[in-house]
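Listed here are the chains, written in short residue letters.
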Amino acid sequence: MKSKAKVVVVGGGVVGVSALYHLAKKGFTDVVLVERKELTSGSTWHAAGLLPLFNMSYSVGQLHKYAVDLYKKLEEETGQNVGFSVVSNIRLASTKDRMDEYHQYAGVAQTIGVDVKFLTPNQVKEIWPLCRIDDLLGAIQHPEDGYIQPADLTQAMATGARNMGAEIYRNTAVVGIKQTKDGWIVETDKGSIECEHVISCSGNFARQTGKMVGLDIPVIPVEHQYIVTEAHPDILKRKKEGLPEMGVLRDSDSRWYMREEAGGLILGPYEDGAPACYVDGPSKDSEYELFQEDLDRLAPHIEGAIHRVPAFGEVGVKKVYNGAICYTPDGNPIVGPAWGLKNFWINEGHSFGITAAGGAGWQLAEWIVDGEPTIDMLGVEPRRFGQYATKSYLKEKNEEAYNHVFKVHYPDEERGAARELRTSPCYDRMKNLGAVFGQKFGWERPNFFATDGMEQKDDWSFRRSKWFKAIEKECKNVKENVGLLDMTAFAKCRIKGSGAEDFLDYLVANKLPKKIGRIGLCHALNTKGGVHSEFTIMREASDSFYLVSAGANQRLDHDWIQKWMPADGSVQFENLTNSIGVLVVSGPKARELMTRVSRDDFSGENFKWLSAKSVNVGNAPVNAMRVNFVGELGWELHHPIEYQNHIFDKLMEAGKDLGLKPYGIRAMNSLRLEKSYKLVGTELSIEYSPYESGLDRFIHPNKGKFIGLEALNKWREKGFDNKLVTMEIHNVDDADVLGNNPIYEKGKVVGRATGGDFGFRLGKSIALGMVKPNVATTGQKLKIDILGKMYDATILDESPYDPENNLLRA
Amino acid sequence: MSALLITEHNNKEIRPFTLNAITAASQIDADLHVLLIGNNCGNIAKSLSKMPLVKKVLHVEATYYENYLAENFAPLIVKVSENYSHIVSSANTFGKNLMPRVAALLDTSQVSDIIKVISPDTFLRPIYAGNAFATVKSTDVKKCITIRPTSFEPCETSSGSAPIEKVKAAEEFSLSKFIKREEVKSDRPELGTARVVISGGRGMQNGENFKLINAVADKLNAAIGASRAAVDAGYISNEHQVGQTGKVVVPDLYIAVGISGAIQHLAGMKESKIIVAINKDGEAPIFSVADYGLEADLFEALPQFLEELNKLNTIQK
Amino acid sequence: MKILVAVKRVIDYNVQVRVKEDGTGVVTDNVKMSSNPPDDNAIEEAVKIKESGKATEIIAITVGVEKSQETLRKALAVGADRGILVKTEGIVEPLAVAKILQKIVDKEKPDLVFMGKQAIDDDCNQTGQMLSALLNWPQATFASKIEIKDKKLEVIREVDEGLETIEVNIPAVITCDLRLNEPRYASLPNIMKAKKKPLEIINASDLGVNTTPRVQQIKVEEPPKRKTGIKVANVAELVNKLKNEAKVI
């Protein structure tokens, strides 16, 4: 066993072996993998081996696509067969919402280059004669999809890795991981290995591995069962006649997958009531472990399966496998850097590990070797969960993620487990005003307010639903009067010290605000010149700055900052997220409102746009920042959180006859789109240069060095492939653009939408999207697909609502 | 009190494992008597008396004892065992069939298949197919014990001179009748119970090549197994599949040829006494359970193997 | 004819059994359990006899903890008509099981009693023979073929020498070997239907049987570990080792 290596991969399932393989492929051949027992002995060995290309997430979809393509080539490269049966995969739909989901997904697929076809029920029958079709609306098929032999796949990649010089140590348990100045020491029961990077791929042992380095990894597995039947004469007959295997069938509405197996069938449901397992980790002796089956809780799905495929009920059950699958609170894996630790990587929480292993290994290798991934990995980012993901939270949420695998993934869904976890002080007040809440990073946030006799509950859909009218009211009130928005969930921090200014200047591409009390919108690029984070930066003093960014990205943004901070102590970081509340007032009457609650000067001359002042609201100290995300006159009131209700009550009292009404996140989204305001994760991403995203005036390539400048300059020379545009969608009836919709010109895909909504102030259905530069001119006519229907679209100038910004600068 | 061993024989000769049972029984109690029940088995009585560990032979004759029906033997043994504290036999089908019947009639909780005598009332025995060993202590006054023959050496067969005593037969049990007995003739042993198994995997590349396996199987009188991959690929039919969804086998010798050793296959054969792996991939998982691993191309190794086997004089059957 | 089949819930045969660190037994917590495989053969044989019209009722019986009902449900799914659980706690020895079964036989008066030849947990291979002795019935152990001939059974048994054919009067106790038949798999509809078949629960103490073990388990330990294997250089060396070192050829 080596005592030194560049990278140590902990865990020898398909995920760990793929990471090792991809590192070696990228030229890091001094890499080793340590496996406590035998390769695949955790969850990989009992996986059903399915390769679903279907995934609503842009990141995950790309990872899956890469894997399916790779697995096809592995035999040629390694000489080892992986048992890939490319039998295609059919997903059935029996409800309209399901078809909407498929159409929305098909848009995503188009933009990633995944081949998906819509099938009629009759076409389903041709491929799957044993399937009952009379109650189906339709289906989608992935011709490239299928299933694979997990153990063979893993061994093939292991062979590939070894051939390139990587080493694998089996029957070697990691007992400790210690951080050193330059990297890590991985302690095993057979000796220690010094290394630069560690990748945790330990599956069911994720939390135990994390504990070794002080990380609370948000992974707890859940039990999943699948039933294997004996052979069915009809299937054997098909085999004898040389007919093709019927492919993987997924009855989404009945929540199961089914495929052929040795002449019989396998059924794998995702039922309610599957418990989390290994909550405190598996025992150290566990390997190849299975749990007691529980067919009772599968009963409704078994009935559904027999209804759909009567043959399934005609044959005996040979075996029921019940094994652990890793889960995270949202069902997507965590692949990327660990927070707070340099060169410690997490590749855990894989619920579709056989498929995701390929792509995850690919991107992690790029991240480690080249310094950055090439695709937007936010969907699988380890830092998308915060400290709030406690063990008991995980148990609830992960069980929920499991039983949601086949539930319709509405764009506006807000799952119910472990809610009311982090609430801002004004939560109850908002609730009494009719708030229907969603959560972001654990924080409850009003999504909209029930009005006009509406029930105070959500209504999910891919189309306009009950809350459309509610946000129309909210948006119009912001336009005519003044609205109140709770943005306490914002990520906030203070950067100060003698080196603070220089550090921030290097961190972001914009010039920092010069005067004390001035605010600037600044972007931190990654080393390849893509946009990583967006900050509102206010200069508090010559050596102190207050940074605000999206609440969902708190851990991500703060980790980014802290990892780039110099180690010499000249810069100090203070997280203020949980100690500062934020209430936003916006609308033409905002000034009047503020004058009523504060003795301070809110006049246009003395409180300019993009400046901040310490004021009192009522008797509370407030840092009023004249900035907002909805394009109206308004202020963000940042305050020590304990004063929130005092401020809230003062505002509500004073605003009664001004028409002050609260509004929610969904209204905010409609309002910001009318201003072409961008968000990290949609319009802004590491896949796009800031220039492509229309951030030109926030980038100063000549100001001096900053992260990503070199790469950005090279990129500019090379030329850009995208341009962000704002579009009006014509003749929309009941569904606006959601995002990821493919955009066409003359029948060819020329881009994808990044977001959309109905703009109530404009009275138009609008969308933002990335398109090829040659079709990015104002007035250009394009077509866009919304849920399977084509609509005409016209490119507008940026910020179609109040393009001169007269309202916000009032 | 002393020990009584039930002799296993076929009236013409003693069955070999009786010798191992005698060793075990005398470890329990040096004052060992043997009970010989049969028909025209006087010669056997004489052979038994010559064994130094045997202190006395009790000889019972009756025509209906010819075929050692448990229902006949049991009542007799119960009567004779009045003077004994331990009743012992070897744990092969004879003893397994007979001893529990005796134990129930004596209202005693039998201890089966012991592999070690720790003291007259404490024994070591395998449980869970030998995956665990239990040390057990019998609290019954009379103890019925069966012993695993391969755990004890066969006893000396000459230089002894024990007295032979005739004992009266018991009544015949008329509800069971012996019809016949046949030595099993087979082309090949059954996979599930074969002493030697040779299996082929995906490395065989096609069904035709299994003839290389067949040749070795013929030579070793082995059963033929296969990995799931070989069966899936159509090289051989599925009743040969060894593994988690196939058969679980525990032969004395298991030879895995061109099999990588996926977990599902190991589950079906890892309890084999001796495992041999022949595979050209030195890192294949099968090598981690193999007692003897040969990293070689099976298409060369198999014919060589056959050649070497042919050179040997005798193959243990 | 009425057939009583005794089944046992044991650790699934695929599970890698682990010895508890304190040596008091094997780990059973959270371990997958299933029906004892030779008992599956017993149930299958009974169902086949019923399907051939020679039996009218099959009763499945198990002696064990409350969860053993799962094993009865499986038997019911495959074709037994009703189940009886005799509830006990802790280790129950074959002698006690035989006495319990004797009480049940006295009550139910079956013509045939089937069970697997041995349980894969304790590997005792005693219960059938003991029950037979207590009832003073004929016993046909390690059955690999059964033929019903009027009021008798002709049974072929697997013995060391080969195959032995015996004829026993009905009623009789038969213990089954794996080669007796190919146990069928229960279809899901049958598994669901089995939930509605009658299942009676009795306490062992109500039957007047003392289940206190007479054989004390002093300790349980792991067998000696499999020695790490070696790589041989060539076929000649392999054959040499197999013959002279391992002595298996």
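Residue positions are counted from 1 within each chain, in the order its sequence is given. Chain labels run from A onward and ligand labels from 1 onward, assigned in the order the entries are written. Only residues with pLDDT of at least 70 get local features here, since the model is predicted, and only at 80 or more are side-chain atom pairs given and counted; chain-wide, interface and lining totals rely on the full set of residues. The basis for every side-chain value is the complete set of non-hydrogen atoms in the structure, without hydrogens or water.

Draft legend 1. Geometry of the overall build of chain A. To qualify as a helix, a DSSP run of H or I must reach at least 4 residues; to qualify as a strand, a run of E must reach at least 2; elements of each kind are numbered from the N terminus. Broken down by element type, chain A carries 18 helices and 38 strands. Our radius of gyration is a C-alpha quantity, and the globule rule it is checked against amounts to 2.2 Å times the number of residues to the power 0.38. Whereas a compact globule of 810 residues would reach a radius of gyration of roughly 28 Å, chain A reaches 27 Å, a difference of no more than 12%. With the C-alpha coordinates aligned to their principal axes, the bounding extent of chain A is approximately 85 × 65 × 50 Å. With a 1.4 Å probe rolled over the protein chains alone, any residue whose accessible area is under 20% of its type maximum counts as buried; one over 50% counts as exposed, and the rest are partly exposed. Within chain A, the proportion of its 810 residues that are buried is 66%. By definition, residues are in contact when any of their heavy atoms lie within 4.5 Å. Within chain A, residue pairs in contact and separated by at least 24 positions form 73% of the contacts whose partners lie at least 6 positions apart. Computed with the Shrake-Rupley method and a 1.4 Å probe, the accessible areas treat only the protein chains shown as cover for residues. Of the roughly 28600 Å² of accessible surface on chain A, 49% is carried by carbon and sulfur atoms. Each charge class in chain A can be summarised by its mean position, and for the 99 positive and 108 negative side chains these summaries are 4 Å apart. When charges are counted, Lys and Arg are positive and Asp and Glu negative, with His and the chain ends excluded. Each charge is placed at NZ for Lys, CZ for Arg, CG for Asp and CD for Glu.

Draft legend 2. Expanded view of the pairing of strand β9 (residues 174-179) of chain A. Residue and element names in this part refer to chain A. Where β9 lies against strand β10 (residues 184-188), 5 bridges are found, and the strand directions are antiparallel. The partner of Gly176 across the bridge, within β10, is Glu187. The pairing criterion is simple: DSSP has to find at least two bridges between the two strands. As consecutive antiparallel partners, β9 and β10 are separated by 4 residues.

Draft legend 3. Highlighting the interface of chain C and chain B. Between chain C and chain B, the contact holds 72 residues from the first and 83 residues from the second. One side-chain nitrogen of Lys or Arg within 4 Å of one carboxyl oxygen of Asp or Glu is enough to make a salt bridge. Measuring nitrogen to oxygen at the nearest pair gives 3.1 Å for the salt bridge that ties Asp107(B) to Arg214(C). The term polar contact refers here to a pair of N or O atoms within 3.5 Å; inside protein, the definition further demands a hydrogen-donor-capable atom paired with an acceptor-capable atom, and it admits residues adjacent in sequence only when both atoms are side-chain atoms. Counting across the chain C and chain B interface gives 35 residue pairs in polar contact (both at pLDDT 80 or more). The set of elements that each furnish at least two residues to the side of chain C that touches chain B consists of α3 (94-108), α4 (127-135), β7 (139-149), β8 (152-159), β9 (162-169), β12 (215-221), β13 (230-232) and α6 (235-245) of chain C. By the bridge criterion, 3 bridges tie strand β16 (residues 292-295) of chain B to β13(C) in an arrangement that is parallel. Bridge pairing in β13(C) links Tyr292(B) to Ile230(C).

Draft legend 4. Geometry of the sheet that holds strand β11 (residues 191-195) of chain A. All names here are of chain A. In spatial order, the strands read β9-β10-β11; together these 3 strands make up an open sheet with antiparallel pairing. Only two strands of the sheet have a single partner each, and these edge strands are β9 and β11. With strand direction ignored, the average angle separating the axes of adjacent strands in the sheet is 20°. For β10 and β11, the ladder comprises 5 bridges, and the chain directions are antiparallel. Each bridged residue has a counterpart across the sheet, and for Ile185 the counterpart in β11 is Glu194. Each axis is a line fitted through C-alpha atoms, and for a helix only the stretch in contact is used; angles between axes span 0 to 180 degrees, taken between their N-to-C directions.

Draft legend 5. Main features of the environment of Val257(B). If you trace the backbone, Val257(B) turns up in strand β14 (residues 253-257). Dropping the residues within four chain positions of it, Val257(B) is found in contact with Ile198(B), Ser199(B), Gly200(B), Gly201(B), Met204(B), Ile213(B), Ile278(B), Leu298(B) and Leu302(B).

Draft legend 6. Quick peek at the packing of aromatic side chains. Residues and elements named next belong to chain A. Working definition: rings of Phe, Tyr and Trp (its six-membered ring) pair if their centres are within 6.5 Å, and the pair is stacked with planes under 30 degrees apart, edge-to-face with planes over 60 apart, and tilted otherwise. Applying the stated criterion to the full structure yields 32 aromatic pairs over all chains. A centroid spacing of 5.6 Å and a plane angle of 70° characterise the contact between Phe607 and Trp635, whose relative ring orientation is edge-to-face. Remark: Trp635 occurs in strand β31 (residues 634-640) and Phe607 occurs in the loop between α15 (590-597) and β29 (612-617); sequence separation between them is 28 residues. Residue Phe607 shares its accessibility class with Trp635, and that shared class is buried. The structure contains a cluster of three or more aromatic residues connected by ring pairs, namely Tyr257, Tyr270, Tyr327, Tyr402 and Phe406. For a ring to carry a charge above it, either NZ of a lysine or CZ of an arginine must fall within 6 Å of the ring centroid while also lying within 35 degrees of the normal to the ring plane. Above the plane of the ring of Trp467 lies Arg666, whose end atom (NZ or CZ) is 4.4 Å from the centre.

Draft legend 7. Geometry of the packing of helix α1 (residues 37-51) of chain C against helix α2 (residues 69-78) of chain C. Residue and element names in this part refer to chain C. At a closest axis distance of 10 Å, the pairing of α1 and α2 adopts a crossing angle of 30°. Judged by the inter-axis angle, α1 sits roughly parallel to α2. Between α1 and α2 lies a crossing whose hand is right-handed. Where α1 abuts α2, its residues Asp40, Ile43, Glu44 and Val47 lie against Lys74, Ala75 and Val78. Tallied by class, the residues present in the contact of α1 with α2 amount to 4 nonpolar, no polar and 3 charged. In these notes the angle categories are as follows: under 35 degrees is roughly parallel, over 145 is roughly antiparallel, 65 to 115 is roughly perpendicular, and the rest is oblique. Take the far helix as your reference; a near helix turned counterclockwise from it by less than a right angle gives a left-handed crossing, and one turned clockwise gives a right-handed crossing. Residue polarity follows a fixed list, in which Ala, Val, Leu, Ile, Met, Phe, Trp, Tyr, Cys and Pro are nonpolar, Asp, Glu, Lys and Arg are charged, and the others, Gly among them, are polar.

Draft legend 8. Local environment of the domain arrangement of chain B. Segmentation into domains, and thus their bounds, comes from an automatic or database assignment. Entries for chain B in the domain assignment read domain 1 (2-166) and domain 2 (196-311). A separation of 39 Å is found between the C-alpha centroids of domain 1 of chain B and domain 2 of chain B.

Draft legend 9. Focus on the pattern of salt bridges. Within the structure shown, the criterion is met by 95 salt bridges over all chains. The salt bridge partner of Asp253(A) is Arg98(A), with a shortest N-O separation of 2.9 Å. Taken together, the residues span a long stretch of sequence, with Asp253(A) in the loop between β14 (248-251) and β15 (256-261) and Arg98(A) in helix α3 (residues 96-112) at a distance of 155 residues. Look at Asp253(A) and you get partly exposed, because its relative accessible area is 27%. Judged by relative accessible area, Arg98(A) falls into the buried class, the value being 4%. Residue Glu540(A) is joined to Arg494(A) by a salt bridge in which the shortest nitrogen-to-oxygen separation is 2.8 Å. With a gap of 46 residues between them, Glu540(A) in strand β25 (residues 531-541) and Arg494(A) in strand β23 (residues 491-496) connect regions that are remote in the sequence. What makes Glu540(A) partly exposed here is its relative accessible area of 23%. For Arg494(A), a relative accessible area of 22% translates into the label partly exposed. Salt bridges linked by common partners bring Glu38(A), Arg162(A), Arg170(A) and Glu283(B) together as one network.

Draft legend 10. The nonpolar core, seen in detail. Residues enter a nonpolar core if they are buried and are Ala, Val, Leu, Ile, Met, Phe, Trp, Tyr or Cys, with the set joined through side-chain atoms within 4.5 Å. Core analysis: the largest hydrophobic core is formed by 62 residues, its most contacted members being Leu23(A), Tyr71(A), Leu153(A) and Ile199(A). Contributions of two or more residues to this core are made by β1 (7-10), α1 (14-25), β2 (31-34), α2 (58-78), α3, α5 (150-163) and α9 (353-370) of chain A. Counting residues per element, this core draws most heavily on α2(A), at 9 residues. Setting aside residues no more than four positions away along its own chain, Leu23(A) makes contact with Val7(A), Val9(A), Phe28(A), Val31(A), Ile199(A), Ala365(A), Ile368(A) and Val369(A). One finds Phe73(B), Ala103(B), Cys144(B) and Met115(C) within the second-largest nonpolar core, a separate group that totals 54 residues.

Draft legend 11. Focus on the side chain of Ser549(A). Residue and element names in this part refer to chain A. Structurally, the position occupied by Ser549 is in strand β26 (residues 544-549). A distance of 2.7 Å separates a polar atom in the side chain of Ser549 from a polar atom in the side chain of Asp557. The contact partners of Ser549, leaving out residues within four places of it in the chain, are Phe490, Ala491, Glu534, Phe535 and Asp557.

Draft legend 12. Broad picture of the interface of chain C and chain A. Contact with chain C, which involves 16 residues of that partner, is made by 27 residues of chain A. Between chain C and chain A, a total of about 1700 Å² is buried, with carbon and sulfur atoms accounting for 52% of that surface. Our enumeration of links across chain C and chain A arrives at 4 salt bridges. A per-class count over the side of chain C that touches chain A returns 8 nonpolar, 3 polar and 5 charged. Computed with a 1.4 Å rolling probe, the buried area is the accessible surface lost when two parts are put together, summed over both parts.

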